[in-house]
Amino acid sequence: MKEYKVAVIPGDGIGVEIVGEALKVLEKVGAKYDTKFNLTEVKAGGCAIDEFSVPLPDATLEVCKNSDAVLLGAVGGPKWDTLPGEKRPEKALMGLRGGLGLYANLRPAKVYDVLKSASPLKEEIINKGVDLLVVRELTGGIYFGERGRDVQNGINSAYDTERYNVEEIKRIAHVAFKAALKRNKKVTSVDKANILESSRLWRETVTEVAKEYKDVELNYLYVDNAAMQLVRDPSQFDVIVTSNIFGDILTDEASMVTGSIGMLPSASLRNDSFGMYEPIHGSAPDIAGKDLANPLAQILSVAMMLEYSFNMTEAAKDIENAVEKVLNSGYRTGDIYTEGSKKVGTKEMAKLVLAEL
Ligand code: IPM
Ligand code: MG
């Protein structure tokens, strides 16, 4: 029997409920594939601030470092929104990404056939389908650059710095091209090279890396145009590779295009098999604890963990198929509910997935 160590960070808000349900799925898959997952639950985000006065306790990072993968729910909530930047729950995410070296953030956005009506896009656009993968650089750029405040000419100022080196760009480009080889062999590199020097280096470097991937078609878009193209015709995209901040913005847009942010998982990876897996959505404090949250993004995050960290491709496919079957049978949580379908809560939705496994 294989054994893996998984650090579990439920976090705040709906994170707690959906992680609980996703772990049931993990356990069931483990039993089927003769694999044992040794779980260690740790705190990060608002709940850690409450208990330890810091968003990311050292002990939490240590447990993650000593694990084979991390399953994260969501962090944050209004209770901690007025804290200064360094103490906010979001700081835990930065600490985990930076501290674990997770430079490659994979955010797939795909629209399920039966959920097409949930997309805000016109039918003729969404009917062409959406199945894209954003590869977002996650440990560099303006998120981690020099920042500060000073006084210039007697006026209070603040600054943040976008900086990338060639090595950072190369490694994320390789991730994107490799992903494209397994998909539709197309990479769109998104930057602002008409203005930003860091974007010009980005574009030059991606162009160099592309020479090693002759089978992959590469094109470039400025980020403003990319934002527009994503709603004009999202079906044109396969893999999008971009910087930390552009990736942040475009992945929110891409998730909205699919109409079901509650369905989208993500993986944050480095060069070995270690990774952190979490839904794209936040902690949704307004519906927390009410059995209303959609657990599917968290469950699909488990599938990504199985695929990328444990090389259990078949088990991952099982989960994805189970989710699709439940959707095809007409079951919906509130966020993806449309008239005529069957409304279920968090627990019931997870139960239905479990039954299909
Ligand atoms: C995301 C989130 C985070 C980010 C926030 C919560 C710090 O928006 O993962 O996309 O900006 O990266
Ligand atoms: Mg974001």
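Summary of the structure given here. Here the residue numbering is sequential within each chain, running from 1 through the sequence in written order. Each chain gets a letter, beginning with A, and each ligand a number, beginning with 1, in the order they are written. Per-residue local features are limited, in this predicted model, to residues with pLDDT of at least 70; the limit for side-chain atom pairs, both in listing and counting, is 80 or more; totals at the level of whole chains, interfaces and linings are taken over all residues. Think of the side-chain values as coming from all heavy atoms in the structure, minus any hydrogens and water.

## Description of the overall build of the protein chain
Right, on to step 1. The secondary structure listing takes helices from DSSP runs of H or I that are at least 4 residues long and strands from runs of E that are at least 2 residues long, numbered from the N terminus. Along the protein chain, the regular secondary structure elements total 12 helices and 14 strands.
Right, on to step 2. Note on method: radius of gyration uses C-alpha positions; expected globular size equals 2.2 Å times residues raised to 0.38. Relative to its length of 357 residues, the protein chain is compact, with a C-alpha radius of gyration of 20 Å against a globular reference of 21 Å.
Right, on to step 3. Evaluated residue by residue, the protein chain yields a buried proportion of 53% over its 357 residues.
Right, on to step 4. Residue contacts are counted whenever heavy atoms from the two residues lie within 4.5 Å of one another. Here the contacts in the protein chain between residues at least 6 apart in sequence split such that 75% fall between residues at least 24 apart.
Right, on to step 5. Accessible area of the protein chain: about 16,200 Å², with a carbon and sulfur share of 50%. Categorising residues by exposure relies on relative accessible area from a 1.4 Å probe, with only protein chains included: less than 20% of the type maximum marks a residue as buried, more than 50% marks it as exposed, and the intermediate range marks it as partly exposed. Every accessible area reported is derived by Shrake-Rupley at a probe size of 1.4 Å, with residue values counting cover from the shown protein chains alone.

## Notes on the pattern of salt bridges
Right, on to step 1. Salt bridges are defined as contacts in which a side-chain nitrogen from Lys or Arg sits within 4 Å of a carboxyl oxygen from Asp or Glu. Within the structure shown, the criterion is met by 21 salt bridges.
Right, on to step 2. Residue Asp 160 is joined to Arg 147 by a salt bridge in which the shortest nitrogen-to-oxygen separation is 2.8 Å. Of this pair, Asp 160 sits in strand β7 (residues 155-160) while Arg 147 is found in strand β6 (residues 147-152), placing the two residues 13 residues apart along the sequence.
Right, on to step 3. Three or more residues joined by partner-sharing salt bridges are found here, namely Asp 81, Arg 88 and Glu 90.

## Some remarks on the site of ligand 1
Right, on to step 1. In this text, near means that some heavy atom of the residue lies within 4 Å of the molecule or strand in question. In the vicinity of ligand 1, the contacting residues are Glu 90, Leu 93, Met 94, Arg 97, Arg 107, Arg 136, Tyr 143 and Asp 248.
Right, on to step 2. Distance and chemistry together define a polar contact, namely a pair of N or O atoms within 3.5 Å, with one atom able to donate a hydrogen and the other to accept it when in protein, and with adjacent residues in sequence counting only for side-chain atoms on both sides. Between an oxygen atom of ligand 1 and a side-chain N or O atom of Arg 97, the distance comes to 2.7 Å.
Right, on to step 3. Here an oxygen atom of ligand 1 sits 2.9 Å away from a polar atom, N or O, in the side chain of Arg 136.
Right, on to step 4. Taking 320 Å² as the accessible area of ligand 1 by itself, protein coverage stands at 73%.

## Side note on the side chain of Ser 268
Right, on to step 1. In this structure, Ser 268 sits in strand β11 (residues 265-269).
Right, on to step 2. A residue is classified by how much of its surface remains accessible, and Ser 268, at 1% relative accessible area, is buried.
Right, on to step 3. Here Asn 105 takes part through its side chain, which lies 3.3 Å from a polar atom of the side chain of Ser 268.
Right, on to step 4. Those residues within four positions of Ser 268 in sequence are excluded, and the remaining contacts are Leu 102, Ala 104, Asn 105, Leu 138, Phe 274, Gly 275, Met 276 and Glu 278.

## Things to note about empty space enclosed by the protein
Right, on to step 1. Each cavity reported here is a set of points on a 1 Å grid over the protein atoms alone in which a 1.4 Å probe fits but cannot get out, each pocket an open set with protein on both sides within 12 Å along at least five of seven lines, and each lining residue one with an atom within 4 Å of a point. Grid points are joined across faces, edges and corners, and a volume is the space filled by probe spheres set on the points. For the coordinates displayed, the defined rule picks out one cavity of 30 Å³ or more.
Right, on to step 2. The computed volume of the largest cavity comes to approximately 50 Å³.
Right, on to step 3. As for the largest cavity, its lining consists of Glu 162, Tyr 164, Val 190, Asp 191, Ser 198, Ser 199, Trp 202, Ser 243 and Phe 246.
Right, on to step 4. The set of elements that each furnish at least two residues to the lining of the largest cavity consists of β8 (186-191) and α7 (197-210).
Right, on to step 5. Its residues assigned to classes, the lining of the largest cavity comprises four nonpolar, three polar and two charged. When residues are grouped by polarity, Ala, Val, Leu, Ile, Met, Phe, Trp, Tyr, Cys and Pro land in nonpolar, Asp, Glu, Lys and Arg in charged, and all others, Gly among them, in polar.

## With respect to the layout of surface pockets
Right, on to step 1. Volume-wise, the largest pocket comes out at about 1,200 Å³.
Right, on to step 2. Lining the largest pocket are 37 residues; nearest its centre among them are Leu 106, Leu 133, Met 304, Glu 307 and Tyr 308.
Right, on to step 3. When residues of the lining of the largest pocket are traced back to their parent elements, those giving at least two are β4 (104-110), β5 (131-137), α6 (166-181), β11, α10 (296-308) and α11 (313-328).
Right, on to step 4. For the lining of the largest pocket, the leading source of residues is α11, giving six residues.
Right, on to step 5. Taken together, the residues that form the lining of the largest pocket break down as 17 nonpolar, seven polar and 13 charged.

## Here's the deal with the environment of Val 323
Right, on to step 1. Along the chain, Val 323 falls in helix α11.
Right, on to step 2. The class of Val 323 is buried, set by a relative accessible area of 1%.
Right, on to step 3. Sequence separation of Val 323 and Thr 207 is 116 residues, and the distance between their C-alpha atoms is 38 Å.
Right, on to step 4. Every residue in contact with Val 323, bar those within four places of it in the chain, is listed here: Met 263, Leu 296, Ile 299, Leu 300 and Val 353.

## A look at unusual backbone geometry
Right, on to step 1. A positive phi angle, close to 55°, is found at Asp 34, a residue other than glycine.
Right, on to step 2. Along the polypeptide, Asp 34 turns up in the loop between α1 (15-32) and β2 (35-41).

## Looking at the packing of α6 against α7
Right, on to step 1. Between the N-to-C directions of two axes lies an angle of 0 to 180 degrees, each axis being a line fitted to C-alpha atoms and, for a helix, fitted only over the stretch in contact. α7 packs onto α6 with a crossing angle of 50° between their chain directions and a minimal axis gap of 9 Å. For the element pair α6 / α7, the angle class is oblique. Between α6 and α7 the crossing geometry is right-handed. Along the contact surface, α6 presents Val 166, Ile 169, Lys 170, Ile 172, Ala 173, His 174 and Phe 177, while α7 presents Leu 201, Trp 202, Thr 205, Val 206, Val 209 and Ala 210.
Right, on to step 2. Split into classes, the residues belonging to the contact of α6 with α7 amount to 10 nonpolar, two polar and one charged. An angle below 35 degrees is read as roughly parallel, one above 145 as roughly antiparallel, one from 65 to 115 as roughly perpendicular, and any other as oblique. When the near helix sits turned anticlockwise from the far one by under a right angle, the crossing is termed left-handed; a clockwise turn instead gives a right-handed crossing.

## Quick look at the packing of aromatic side chains
Right, on to step 1. For Phe, Tyr and Trp, rings pair up if their centres lie within 6.5 Å, where Trp contributes its six-membered ring, and each pair is then called stacked (planes under 30 degrees apart), edge-to-face (over 60) or tilted (otherwise). All told, the structure shown has five aromatic pairs when counted by the stated rule.
Right, on to step 2. Measuring from centroid to centroid gives 5.6 Å for Phe 37 and Phe 310, while their planes differ by 40°, and the two rings are tilted. One end of the pair, Phe 37, is in strand β2; the other, Phe 310, is in the loop between α10 and α11, with 273 residues separating them in the sequence.
Right, on to step 3. According to the relative accessible area criterion, Phe 37 is buried, its value standing at 11%.
Right, on to step 4. Chaining the aromatic ring pairs together yields one cluster made of Tyr 4, Phe 37 and Phe 310.
Right, on to step 5. Charge-over-ring contacts are defined here by two conditions on Lys NZ or Arg CZ: a distance within 6 Å of the ring centre and an angle within 35 degrees of the ring normal. Seen from the ring of Tyr 331, Lys 342 lies directly overhead, with NZ or CZ sitting 4.4 Å from the centre.

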